[in-house]
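Analysis of the macromolecular model
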Amino acid sequence: KPTAVRKKGEAPAFQATPKVNPVKEGFDPLAPPQTTTQVPAYKAYKDPIEKTATFETIEQIMRQRAMVIDGAMGTSVQKYKLSEADFRGERYKNHSHDLKGNNDVLVVTRPDVIGEIHAAYLEAGADIIETNTFNSTTISQADYELDDKEEVYFINKTAAELAKKITAEFNAKDPSRPRFVAGAVGPTNKTLSVSPSVENPAFRGITYDEVMQAYYEQVEALVDGGVDLLLIETIFDTLNAKAAVYAVEKYFEDKGRRIPVFISGTIVDLSGRTLSGQTNEAFWNSVSHAKPIAIGLNCALGAKDMLPYVENLSNCADCFVFAYPNAGLPNAMGGYDQKGPEMAEECRPFFEKRLLNAIGGCCGTGPEHIKSLAEMAAAYGPRKKHGVEPLMRISGLEAYNYRPDEGNMRGTFMSIGERCNVAGSMAYKKAIVNGDYEKAAGIALKQVQQGADVLDINMDDGLIDGESAMTKFVNLLISDPEISRVPFMIDSSKFHVVEAGLKCAQGKCIVNSISLKEGEEQFKAHASIVKKHGAAVVVMAFDEQGQAATEEDKVRICQRAYRILVEEVGFFPEDIVFDPNILTIGTGLAEHNNYAVDFIRATREIKRVCPGCKISGGVSNIAFSFRGNEAVRRAFHSAFLHHACLAGMDMGIVNANQVKEDEYAKIDKELLEYVEDVLLNRRDDSTERMLEYAATLEPKCKPTAVRKKGEAPAFQATPKVNPVKEGFDPLAPPQTTTQVPAYKAYKDPIEKTATFETIEQIMRQRAMVIDGAMGTSVQKYKLSEADFRGERYKNHSHDLKGNNDVLVVTRPDVIGEIHAAYLEAGADIIETNTFNSTTISQADYELDDKEEVYFINKTAAELAKKITAEFNAKDPSRPRFVAGAVGPTNKTLSVSPSVENPAFRGITYDEVMQAYYEQVEALVDGGVDLLLIETIFDTLNAKAAVYAVEKYFEDKGRRIPVFISGTIVDLSGRTLSGQTNEAFWNSVSHAKPIAIGLNCALGAKDMLPYVENLSNCADCFVFAYPNAGLPNAMGGYDQKGPEMAEECRPFFEKRLLNAIGGCCGTGPEHIKSLAEMAAAYGPRKKHGVEPLMRISGLEAYNYRPDEGNMRGTFMSIGERCNVAGSMAYKKAIVNGDYEKAAGIALKQVQQGADVLDINMDDGLIDGESAMTKFVNLLISDPEISRVPFMIDSSKFHVVEAGLKCAQGKCIVNSISLKEGEEQFKAHASIVKKHGAAVVVMAFDEQGQAATEEDKVRICQRAYRILVEEVGFFPEDIVFDPNILTIGTGLAEHNNYAVDFIRATREIKRVCPGCKISGGVSNIAFSFRGNEAVRRAFHSAFLHHACLAGMDMGIVNANQVKEDEYAKIDKELLEYVEDVLLNRRDDSTERMLEYAATLEPKCKPTAVRK
């Protein structure tokens, strides 16, 4: 218009129409009424099911003293050494399946045995004995083909009657101390929460209904047999327990009689979680609806390790608490060594802390344990049963106890993620319809990561089979521990779909929803089922007349429903959630205008008249009319929540991320005025004015950063608050420092033999001579099968010709002659004829009996010693020595015998190690002077031998010298398993051999460069015993002694050796020539080597830090083979797609990772099995395995599994002082025996180090222990002083980066030689999702940390190279370093403001707004 000119592209100025009929100034449509009615009185719920007298009796006893439960049945049964016939008896003598091991049938076939065991426990002081029915369900008995329903009923009833008979006898003798029978209800051999198929995590091997029915039938038989109470026990999967609880409650309802129920969970390791991943508080929340008379823990751990979890359960539970731990932890054979008094002492803290009302024993316990426990417990009073705060307590894998803050309900608001609801996300609906459940699970995961406290799951759509989809999707989510750690809201208008969801979730869910729409009877029926499943419930404000729209109707319907639930169904008030219907406003229909006001006012009143209830609703409904306009819609959600929470709203189905982001105080004020006019119905034309204003806005802008159409977003940072002074450097080193501590040298506690000093002296003066080949000399005797058999093996089952090792027994004259010939030729050292004398190699000849192999080795050693003794007697001036020959075995630990399955191994590390241990023991018992671990073609076999040798020395307290000799297979200079000889040295140097060498495979000429390389690397003596040249066409050797000596001469001209000998094709003439030639030369001088961390894969990696440029020598440890570092990797492992996981490993190596971090710590993964399989697979790929591995786990047994697969020298990540010094030293000693470097986390008994002071203190303490007491090489000690997340909004986190960097400098100063590492991605965890910011943090952090001395870190190797500090965008860097270096109070807020202006996927070196 000529009166309002606009240039091209210029937005028109907005002018709202005048307000029509506004509310009066000062009027508050949400104000509470000035007068209110009295809060109604509600009748207490009365359980219609009659209770037995046992309830009161047990209650009285447990208030007076701790009751005693019996011990293990299996442990006692084993002592009877029963046969198959005992298990079959008369009843099952013709049964189709073996029954031995099926202890439950013994109540039928050997009731005398089970009766004796029951009686022994009662005699020992037990108040409660359990029926022998742990596996007496049709499910478990199917393993024995005994799953006929009537037969299983008979077994259970018989077991109950037998136990009752025994208790009746004891009660008759002493009526003053009643004894009780607990019907034992075990976990079955199936799990409802874990898939038996790694390929299909949503699959289950059995249904909830099948498990529930099996439990019902068992319970019926046990009660018919007369049990006094039920014990649902050893729960490793809470969903199985919930099915048992449902069955029990259904049975009580059906029969009209209730007996006490005990429930006992099982935690599988020191994480304190069940096998299916739940914490024990989450477990309690999941089963507390059963109102057990007592809750407890059993099995899995010994008492000592169980203590903190029992204490936690004791705090949570409002019923009695019990425990029956194992007799300590199992030994190597799976047995239990802890005796009764020792176990009682371990259990004493339970009673000193008043944690228990009952105690008993599980695996490994017998009557002596129960007697000791009973005597110990009698000296203490019981735990006092206490109430708990009335809260809604729900759970996923973790407990979520909703504690509303009446003064700040918006602050405690429970966000229920809406995006797994087909009505809440088009992407989710499309994924479900297309069967792409993985994509749908990704939507779930994102909501959890964005802060959803609960996940709403809804499948109500005409295109979807709701029951099937709900079952499959919930099962899939349960398999992901990151998603399933939060509780689920099972949401459907179809109750059978709700039930399907409840039958898949082990946690305590919220059901959404039931209502009075179909009348009271159906409402009560649905509510009762929900209660039996242990879920909280959402009740929609619907009744037979329809949906409540007005405040009055909402309050009336909800109060009616509350009364029914509390008085008639017995629902816990805190578990009742009302949804008074959030209805859409701004529709243009006048009758809808007051919907928001009605909801908010009703919220306040419902919470007043229904004490303890909660209020929820689908928040996105409110602004449905404004969909498509982000700013308006989200502003409505924010404003609605603000006012509804002020009135008492507790939770809502929301977009969790937006709810956090769209803080009410930050909503654009102009926009907010229009929104609240509509929301609070403040004028007649609110909707029209809102629509006019909305039309001027960019549809995708945010309500906190409103943009008019055509307007570019402008960024302006808020002013800096309290910046540090100009020139102040928070990372500057202190001006004064303490003196570097003096550390004591490690003293080996194992006594060394005198042979060490003798050999040391000789090798410093001259080259020693080792004998030649045994096989070559034996061949010349042309021995027959009879010679090999002799008298001892004349009737042996297998041919023995070719098994040279047995000749020490059958033809000792031959072997003695050969030994003597070598000594005559000038040998200083002869080897025992035991190259193949392990149980492994002798299995080829069916001579693998342990005692026989011991005899062969000991005889061989004694024979060799006898010969050397004769020579030493003739010439004492030149001592001769016997080396116990320890060959490589005929198996390899690093190569698969199957081309189809490269991860497969034909033997385990433990089997190889044990075979070596037994051989070494026999050789030393036979008198050998030293050990020669020789002809190593696979370094992992050699490491197993080294471990065995060191274990033997520790066990016996005496150390003899060790020689180690590798074998290179061709001119590449590598072993058969692919290692270079420097990598081989790095892998075995921890053994501290007196000498290292090479033998076999090549002649001397070809061996020269590799001996020279080994001589440069090694800080011990060096030897070689090559073949007599290369083999001829017939496999024989033509090189004579003088010729071989000439080929070996360069070894001595270059001063490379301290000992020389011969391998294949050599005999006494070769040794004579070598001895004569070597006598003319001086030996190699033993030298030190630069103190470096020397690790290896197939190739050596010698980490040489450049103090002036630590960033340039930074060791990149690839993070993508860590389940916490890559979702793709985790998914591949969970799905069993190890080839895909190996591809991720390969890509990291190709992108420059120096070391690969491998971690399997996830609830869905069997860590030990997965670690073993994956490391074995990687070892088979020479491109991947050329780099060293970091074996990473918080579970030490998983670490050991990884070490047992890797031939290279690894880094272990990690150990700590968390469990105290003894365990720390034990773990460190094992790592040292495996030859690995070690990462030590800055944790101690008090917790994780966060401050600089704590980091330094803990690391210095650990360093002193490792160096002085364990004997760790300082360069192999890596400290991780905890890279903790900054930018979280919590002030106490602001200095975490500065503390780490400053601690790095100080730790490296006071712990000379140590290294510093850390998980770099932790630093910017708060900024995940914004690539530029996150990666800039990593780059800046590494820049400053490396300046302070950081050596290595778990990183994305590719990004670390790409994101060079100097190239980071300077504006971005300033914001990043303000946070990183804690340079001002508001650094995080300003960073978030700036980050919001960036394209989330841009790079830090090429920032895009």
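Reading guide: rules and limits
Residues numbered from 1 in each chain as written. Predicted model: local features only at pLDDT ≥ 70, side-chain atom pairs only at ≥ 80, totals over all residues. Heavy atoms only, no water. Helix = DSSP H or I, 4+ residues; strand = E, 2+ residues; numbered from the N terminus. Rg over C-alpha atoms; globule rule 2.2 N^0.38 Å. Buried < 20%, exposed > 50% of the residue type's maximum accessible area, 1.4 Å probe, protein only. Contact = heavy atoms within 4.5 Å. Areas by Shrake-Rupley, 256 points an atom, 1.4 Å probe, with all protein chains shown as cover. Lys, Arg positive; Asp, Glu negative; His and termini not counted. Charge placed at Lys NZ, Arg CZ, Asp CG, Glu CD. Salt bridge = Lys/Arg side-chain N within 4 Å of Asp/Glu carboxyl O. Pairing = 2+ DSSP bridges. Phe/Tyr/Trp six-rings, centres within 6.5 Å; stacked < 30°, edge-to-face > 60°. Axes fitted to C-alpha atoms, helices over the stretch in contact; angles between N-to-C directions. Patch = residues over 30% accessible without salt bridge, like charges linked within 9 Å, V, L, I, M, F, W, Y side chains within 5 Å. Arc of directions from axis to C-beta. Parallel < 35°, antiparallel > 145°, perpendicular 65-115°, else oblique. Left-handed = near helix turned anticlockwise from the far one by under 90°. Nonpolar A, V, L, I, M, F, W, Y, C, P; charged D, E, K, R; others polar.

Some points on the overall build of the protein
Of the regular secondary structure elements, the protein holds 49 helices and 44 strands. A globule of 1409 residues ought to have a C-alpha radius of gyration of about 35 Å, and the protein, at 38 Å, matches this closely. Its C-alpha atoms give the protein principal-axis dimensions of about 125 × 100 × 60 Å. In the protein, buried positions account for 59% of the 1409 residues. Considering only intrachain contacts with a sequence separation of at least 6, the fraction spanning at least 24 residues in the protein is 77%. If you sum the accessible surface of the protein, you get close to 56,000 Å²; carbon and sulfur atoms cover 50% of it. Distance between charge centroids for the protein: 3 Å, based on 161 positive and 198 negative side chains.

Overview of the pattern of salt bridges
Going through the model one piece at a time under the given rule, you end up with 100 salt bridges. Measuring nitrogen to oxygen at the nearest pair gives 3.5 Å for the salt bridge that ties E220 to K255. Within this pair, whereas E220 is found in helix α8 (residues 208-224), its partner K255 is found in helix α9 (residues 238-255), the two being separated by 35 residues in sequence. Of the residues examined, E220 reaches a relative accessible area of 21% and is grouped as partly exposed. Among the salt bridges present, the one from R348 reaches E345, with a minimum N-O distance of 2.5 Å. Placement of the pair is R348 and E345 together in helix α12 (residues 340-352), with a separation of three residues, close to one helical turn.

Focus: the sheet that holds strand β44 (residues 1352-1355)
The parallel open sheet is built from eight strands, whose spatial order is β43-β42-β39-β38-β37-β36-β35-β44. The two strands at the open ends of the sheet, each matched to only one other strand, are β43 (1315-1316) and β44.

Digging into the side chain of H1234
Along the polypeptide, H1234 turns up in helix α43 (residues 1221-1234). Discounting chain neighbours no more than four positions away, the residues touching H1234 are Y909, K943, Y947, H990, E1200, L1203 and K1204.

A look at the packing of aromatic side chains
Considering all chains together, one arrives at 26 aromatic pairs under this definition. Taking the centre distance of 6.5 Å and the plane angle of 50° together, the rings of Y562 and F578 count as tilted. Here Y562 is found in helix α20 (residues 551-569), whereas its partner F578 is found in strand β20 (residues 576-579), with 16 residues between them in sequence. Judged by its relative accessible area of 3%, Y562 falls in the buried class.

Some words on the sheet that holds strand β22 (residues 651-654)
Spatial ordering of the open sheet is given by β21-β20-β17-β16-β15-β14-β13-β22, a layout of eight strands whose pairing is parallel. Of all strands in the sheet, those with a lone pairing partner are β21 (614-615) and β22, marking the two edges. Together, β15 (488-491) and β16 (510-514) form the strand contacts of helix α18 (residues 495-502), whose direction differs from that of β15 by roughly 155°.

Details of a negative patch on the surface
A surface patch of like charges, here negative, comprises E145, D147, D148 and E150. Along the polypeptide, E150 turns up in helix α7 (residues 149-173). Overall, E150 belongs to the exposed group, its relative accessible area being 55%.

Topic: helix α26 (residues 755-765)
For α26, the full list of buried residues reads T755, F756, I759, I762 and M763. Across the axial projection of α26, the buried residues extend over an arc of 140°, all falling on one side. Opposite its buried face, α26 presents the exposed residues E757, R764 and Q765, each directed more than 90 degrees away.

Some points on the packing of helix α24 (residues 669-679) against helix α25 (residues 686-694)
Two packed helices can be described by the angle between their axes and the distance between those axes. Put simply, α24 and α25 touch, their axes get as near as 8 Å, and they point 150° apart. Judged by the inter-axis angle, α24 sits roughly antiparallel to α25. Both α24 and α25 take part in a crossing whose hand is left-handed. Mapping the contact onto sequence places E670, L671, Y674, V675, D677 and V678 in α24 and S686, T687, R689, M690 and Y693 in α25. Of the residues that constitute the contact of α24 with α25, the class distribution is six nonpolar, two polar and three charged.

Topic: the packing of α9 against helix α10 (residues 280-287)
Where α9 contacts α10, the two axes come as close as 10 Å, and the packing angle between them is 20°. The orientation of α9 relative to α10 falls into the category roughly parallel. Both α9 and α10 take part in a crossing whose hand is right-handed. Counting all contacts with α9, which are made through T238, A241 and K242, the residues of α10 involved are F283, S286 and V287.

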